[in-house]
Amino acid sequence: MKRILRRTFLKRTFTAATGLAVAPTIIPASALGLGGKVAPSERIVLGGIGIGNRGRDDLRALLPERDVQFVAVCDPQKSRREIVKQLVDETYGNTDCALYTDLREFLAERTDIDAVLSATGDRWHALAAIWAMRAGKDIYSEKPSSMTIAEGRAVLETAKRYGRVYQTGTQRLSEANHVYAIELARTGRLGHVHTAYAHIAPWDAAEMRHDWLPGETEPPKEESSWDLWLGPCPWRPYNPEYTRGGWRGHYDFHTSCIGEWGAHTFAQAQAGLGLLHTCPVHYEYVNNISGDGMVTRFANGTKMILSRGDKYWHGSCGERFVGSEGWAGAADGYRKTEASSAVLLADFDKVVLEYQTRTQRAMSHTRNFLDCVKSRQLPVANAEVMHRSMSAVHAANICMWLKRDLNYDPVKEEFVGDAEANRLRSRAMRAPFII
Amino acid sequence: MKTKIYVLIAALLSAWAGAPAADSTPAPTPLVTKSADQLIRVLQSDANRKAKADACRELAVVGNSQAVPVLVGLLANEELSHMARYALETIPGDSVNPALRSELTKLQGRQLVGVIGSLGVRRDPAAVKPLAALLKNTDPQIAQAAARALGSIGTTGAASAISAALGKTAPPNRLAFCEGLFRCAETLAANGKTRDAIALYDRLRGLAEVPNSVRAGALRGSIVVRGKNGDWLLRESLGTSDSILFDAAIRAALEMPRPQVTEMLAAKLPQLWPEHKIVVIQALGSRGDFKALPPLYVEANHGPKSIRLAAIRAIAATGHSLSVKVLVELLDDLTVQVESIEDPEHEIMHAVQDGLAGIPGREADTAALDFLKSPQANRRLVGIDLVGRRRMTVALPGLLLAATDANPKVRASALQRVGKLGTAAEVAALIDILLRTSDAQDFDGLATALTDICIRTGTPASVTAPIIKAFASATPVQKAALLSVLGALGGDKALVAVRGALTDPNPEVHAAALRALTAWPEIAAAPDLLQIARTTTSSAERDLAFVGFVRLVRESGATADEKLRQLSQAATLASSPSEKMLVLAGLGDIPSGASLRVVTPYLSDPAVVEEAGAVAVRISEKLDPKFSDEIGVALNQVLKSAKSPPVLEAARKRMAQLKLPVQ
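Chemist: An account of helix 6 (residues 149-162) of chain A is needed here, citing residue identities and associated values.
Modeler: Because an α-helix completes one turn every 3.6 residues, residues spaced three or four positions apart along the sequence face the same direction. Given a rise of 1.5 Å per residue, 14 residues ought to cover 20 Å, and the 20 Å separating the end C-alpha atoms of helix 6 of chain A matches this to within 8%. Across the 14 residues of helix 6 of chain A, eleven count as buried, placing the element largely inside the fold. Inspection of helix 6 of chain A places A:Ile149, A:Ala150, A:Glu151, A:Gly152, A:Ala154, A:Val155, A:Thr158, A:Ala159, A:Lys160, A:Arg161 and A:Tyr162 among the buried residues, and these make up the whole buried set. Of the surrounding elements, those touching the buried residues of helix 6 of chain A are helix 5 (122-134), strand 6 (166-168) and helix 14 (383-402) of chain A together with helix 11 (174-190) and helix 13 (212-226) of chain B. A positive backbone phi angle near 60° is found at A:Gly163, which sits one or two residues after helix 6 of chain A.

Chemist: So what about the pairing of strand 12 (residues 326-332) of chain A? Which residues, and what values?
Modeler: Residues and elements named next belong to chain A. Burial within strand 12 is extensive, with five of its seven residues counted as buried. Where strand 11 (residues 316-323) lies against strand 12, six bridges are found, and the strand directions are antiparallel. Considered in strand 12, the bridge of Phe-321 is made with Ala-328. In this antiparallel pair of consecutive strands, strand 11 and strand 12, the connection spans two residues. When strand 12 meets strand 13 (residues 338-339), the two strands line up antiparallel, connected through two bridges. Residue Gly-329 lies in a different strand from strand 13, and its bridge partner there is Glu-338.

Chemist: Go over the interface of chain A and chain B with me, naming the residues and quoting the values.
Modeler: Taken together, the contacts link 77 residues of chain A with 83 residues of chain B. Taken together, the elements giving at least two residues each to the side of chain A that touches chain B come down to helix 1 (6-16), helix 6, helix 12 (348-359), helix 14 and helix 15 (419-423) of chain A. Considering each element in turn, the side of chain A that touches chain B owes the most residues, seven residues, to helix 12 of chain A. Across the side of chain A that touches chain B, the residue classes break down as 36 nonpolar, 20 polar and 21 charged.

Chemist: Describe in detail the sheet that holds strand 7 (residues 193-200) of chain A, supporting the description with residues and values.
Modeler: Residues and elements named next belong to chain A. The nine strands are arranged 13-12-11-7-10-9-8-14-15 in an open sheet whose pairing can be described as mixed. At either end of the open sheet lies a strand with only one pairing partner, and these are strand 13 and strand 15 (414-415). The sheet strands contacting helix 7 (residues 176-186) are strand 7, strand 11, strand 12 and strand 13, and the helix crosses strand 12 at an angle near 160°. Along the sheet, helix 14 contacts strand 8 (282-283), strand 9 (295-297), strand 10 (303-308) and strand 14 (406-409); its crossing angle with strand 14, the most-contacted strand, is approximately 155°.

Chemist: Quick one: what's the story with the sheet that holds strand 3 (residues 98-100) of chain A, residue by residue and with numbers?
Modeler: Residue and element names in this part refer to chain A. Within the open sheet, the six strands sit side by side as 3-2-1-4-5-6. Their pairing is parallel. Where the open sheet ends on each side, the last strands, each with one partner, are strand 3 and strand 6. Going across the sheet, the axis of each strand differs from the next one's by a mean of 20°, ignoring polarity. Here strand 2 (residues 68-74) pairs with strand 3 via three bridges, running parallel. Pairing of Val-73 across the sheet is with Leu-99, part of strand 3. Across the face of the sheet, helix 2 (residues 53-62) comes into contact with strand 1 (44-49), strand 2, strand 4 (115-118) and strand 5 (138-141) while running at roughly 145° to strand 4.

Chemist: Hey, could you go over the confidence of the model for chain A for me, with residue numbers and the actual values?
Modeler: Of the residues in chain A, 91% reach a pLDDT of 70 or more, and the chain-wide mean stands at 92. Scored below 50 in pLDDT, residues 1-36 of chain A shows 91 contacts in the model against residues more than four places distant or in partner chains.

Chemist: Tell me about unusual backbone geometry, and please be specific about residues and values.
Modeler: Residue and element names in this part refer to chain A. For the bond running from Lys-143 to Pro-144, omega is -10°, close enough to zero to count as cis. Considering the arrangement of structural elements, one finds Pro-144 in the loop between strand 5 and helix 6. Residue Pro-432 follows Ala-431 across a cis peptide bond; omega there is 5°. Looking at the element boundaries, Pro-432 is found in the segment after helix 15. The residue Gln-360 is not glycine, and still its phi comes out positive at about 60°. Note that Gln-360 resides in the loop between helix 12 and helix 13 (365-375).

What counts, and at which threshold
- Residues numbered from 1 in each chain as written.
- Chains lettered and ligands numbered in written order.
- Predicted model: local features only at pLDDT ≥ 70, side-chain atom pairs only at ≥ 80, totals over all residues.
- Helix = DSSP H or I, 4+ residues; strand = E, 2+ residues; numbered from the N terminus.
- Expected span 1.5 Å × (residues − 1).
- Buried ≥ 20, exposed ≤ 12 C-beta atoms within 10 Å, placed from the backbone.
- Contact = placed C-beta atoms within 7 Å.
- Pairing = 2+ DSSP bridges.
- Nonpolar A, V, L, I, M, F, W, Y, C, P; charged D, E, K, R; others polar.
- Axes fitted to C-alpha atoms, helices over the stretch in contact; angles between N-to-C directions.
- pLDDT = per-residue confidence, 0-100.

Take a look at the structure:
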């Protein structure tokens with residue numbers, strides 16, 4: 001029997017199916033015994049969607065990987081496209097990085113691309129992921145990865161439907177300090193863990209803005225396509241401030257101070273509680289602007305409490321677990337995981353090694369994604385992890401917006417006895433940007 | 001420092017977020033501001049686009065059947081069509097769907113695509129027929145939206161409609177039509193209509209000229225929905241040479257935790273292409289099923305290194321107690337075979353050790369202890385590594401025994417692990433070993449182990465007292481080792497002991513005492529070092545003492561004045577350029593007029609003028625402008641003496657900032 005290697009297969013299928021999007025998959029180069037060298041034909045061909053500041057951080061982590069070849073970027077903003085092209089071309093010493101404005105054209109034309117890095121604003125994350133996976137791409141999608149519970153569900157279903165590898169950008173799940181805190185909680189070293197604290201962002205509020213910035217003349221479409229920038233969101237007049245990051249805080253574009261960090265920290269907390277397959281069933285409204293102190297409860301009674309500021313951390317994006325025999329936590333800026341006693345910290349290397357042995361996962365979020373593109377395993381922040389933790393984010397937001405306690409059924413994915421809350425689980429998407 | 005800065009920023013940001021919004025930034029507003037009736041009146045008024053869009057957004061939460069006709073009336077409005085759908089999609093009850101359906105024949109373009117999408121979101125079974133008609137629409141966006149919406153409705157009728165139209169639709173629509181069929185299949189399967197779902201997946205699987213994503217999804221669905229009855233298909237697909245289908249089969253296998261699937265993957269392993277084999281090995285590892293172990297063991301023993309490494313990692317990932325036995329067996333052979341790091345099998349052996357180190361549980365603990373007790377040195381080394389990485393304090397007696405092993409590698413490795421694992425309880429045993437040894441390498445290992453224990457457990461006193469006690473009966477070389485521990489630990493009693501050792505007639509002990517002082521962790525040793533630097537006749541000792549003194553002063557928590565006083569003392573002793581540079585570096589840490597005055601004379605010393613210039617600029621940049629007289633003198637001297645362009649430029653810049661005249 002003759003083997004059909006990836007590129008051979010691609011060429012053949014593409015010829016046979018002229019006009020159709022075809023999507024290749026990867027043959028692991030490591031299996032070929034290539035050692036440090038990866039033949040061009042065996043590299044993961046990568047593309048980018050909406051890559052700004054944060055996306056460039058991801059890209060800088062991906063470009064040095066020897067089994068990656070970044071070939072094209074898509075962004076409705078010309079200036080952002082060109083910054084990425086410059087970065088990529090300088091890295092490779094050529095001028096090959098191709099530019100695209102419209103995601104639909106990008107996905108239809110670039111059948112050679114195996115996987116994409118998506119780092120748009122919150123409003124586009126889910127739709128871009130769904131379209132990309134439907135086109136056969138694996139995807140590393142920045143967070144927060146959905147604007148609504150319905151969007152998260154659609155991402156999860158699409159990943160399953162097409163067997164795609166999906167990783168959301170909750171990179172602390174791949175950082176040793178956080179992994180250690182999570183494993184201390186998960187393996188019972190803290191005793192019975194009754195509470196996890198999850199950090200929420202110290203800026204913005206849970207309640208959102210509904211105003212429009214003053215309208216200005218739209219730039220030429222080749223400079224910045226406002227229609228594409230808005231994507232599935234309600235129309236509003238153009239103002240350049242939105243495209244420079246001023247979309248944050250606006251209901252149509254942002255998931256609030258809760259989603260800003262909660263997209264990370266809820267997943268971190270739920271990982272340590274062993275509850276990544278579900279989300280809290282109860283949300284207690286707190287009468288403040290941010291949700292600081294909101295107590296959420298899982299079906300087993302465990303609490304996840306939202307916390308803002310430095311009550312439990314002296315860094316950012318932290319989680320902390322409190323058990324009957326001590327506490328442990330981590331945050332950005334920590335040299336090491338912190339815990340209630342030195343004894344709890346003694347086994348750092350051992351516990352992290354056990355985690356890596358059990359999961360076969362790299363302590364690098366982007367590397368974990370690339371490994372899974374090859375192995376087809378589920379990455380650490382797979383679509384289920386994203387959907388469940390983001391469901392908690394959305395439920396907490398809805399709790400704050402409605403200013404009342406809420407009960408949620410994670411199996412039916414609906415609020416119990418609250419019709420208004422249920423109506424906030426989805427938002428109609430603007431045509432033609434629909435799922 | 002970084003953390004403090006963060007806390008400050010976070011506090012400021014928190015304060016900002018909590019404070020009333022600035023005039024230019026509108027504050028957040030409530031989700032719902034009006035009643036449904038009021039919102040409807042807004043839509044019926046001549047309010048502007050923004051007001052009506054807001055009303056729609058709020059009606060999405062509180063709208064009722066009374067709002068439906070008003071909203072439907074906006075669906076043809078290019079500006080408000082989307083927002084009308086925004087409200088309509090979530091309004092409960094029976095009035096919305098017929099209203100949306102009635103618009104299907106009236107609208108076109110984006111407005112029609114949107115309404116089609118909304119009917120799909122609302123899963124309106126009565127919309128199947130009109131949506132089916134739209135599958136033939138010449139506008140690809142409309143035909144595709146209809147296919148997806150029918151898929152969301154997910155009835156057998158919807159599936160039949162898409163299926164019937166699929167063969168005739170234009171190629172660009174095909175992916176959306178397949179998406180519709182996938183959605184139907186999922187809904188049918190969830191509703192127990194497994195045969196219908198299988199039929200759809202098989203239809204998709206049999207399509208020619210469809211994107212690879214469809215081929216992959218169809219195969220995955222066919223296997224998963226069939227359950228046990230799909231094992232034949234999984235088996236067949238694992239043997240394919242088509243990487244798209246192979247990957248899909250692997251994804252399907254990951255969704256099926258049944259042991260039979262493990263057995264199938266395992267059975268297929270020997271027949272696979274190498275590039276597929278490694279993927280199956282990783283899949284087997286993630287299943288946690290001991291039935292994967294025999295074939296993994298075979299793969300770990302033979303073939304390309306990358307496959308063997310993957311198999312070893314998979315065996316460990318399985319995490320079963322039998323995994324330990326398999327890895328031990330592998331390691332048994334490798335410890336005999338591998339003699340050096342250059343050995344081709346070394347990487348394999350290392351991977352097996354990693355695996356054993358990373359499997360939690362008693363079986364692996366026992367295996368590690370067995371290796372530690374082995375008569376073969378190579379295996380003892382493995383055991384030491386394993387008990388160390390597994391943090392097995394129960395192995396400390398064995399490690400202490402290994403610290404007296406006949407093999408020097410074993411002794412060194414064991415001492416290293418005792419230092420990482422031991423507590424105050426091991427101190428006496430280590431000192432005892434030290435007093436019985438004569439090997440120079442062992443002294444280093446023992447001293448490091450004792451120091452590590454103390455620093456890690458924060459109990460210097462537990463070591464200091466027994467070391468001082470042991471000192472009396474120690475040989476000179478043993479005393480030297482003990483002094484190095486005291487030098488790392490510090491403390492008043494230790495300092496007294498080290499001072500005593502300084503007077504020891506044995507030169508080895510004397511030299512060790514001086515080294516201990518130069519490494520001292522506390523400022524208390526500074527006077528001793530200064531005294532030695534001033535009085536010794538040995539230039540080597542003088543250099544050591546001088547460097548040690550300046551280091552202690554710089555690292556101490558003393559006040560700036562006190563540091564300056566001590567560095568000024570050092571300055572009087574500094575004779576070589578390197579010593580002067582050390583003093584200058586210390587002075588650069590102290591931003592004061594006095595320190596600048598101490599630096600200024602060095603600006604006339606050709607051997608260190610550039611360094612002195614850089615330090616003078618550095619101090620002047622941190623110094624309050626009230627010291628402008630001192631700054632002016634020093635920087636004018638810099639301009640006259642220094643040659644380094646960056647230094648000269650920085651000096652001019654600072655002078656310009658302070659409006660100091662250049663003389």
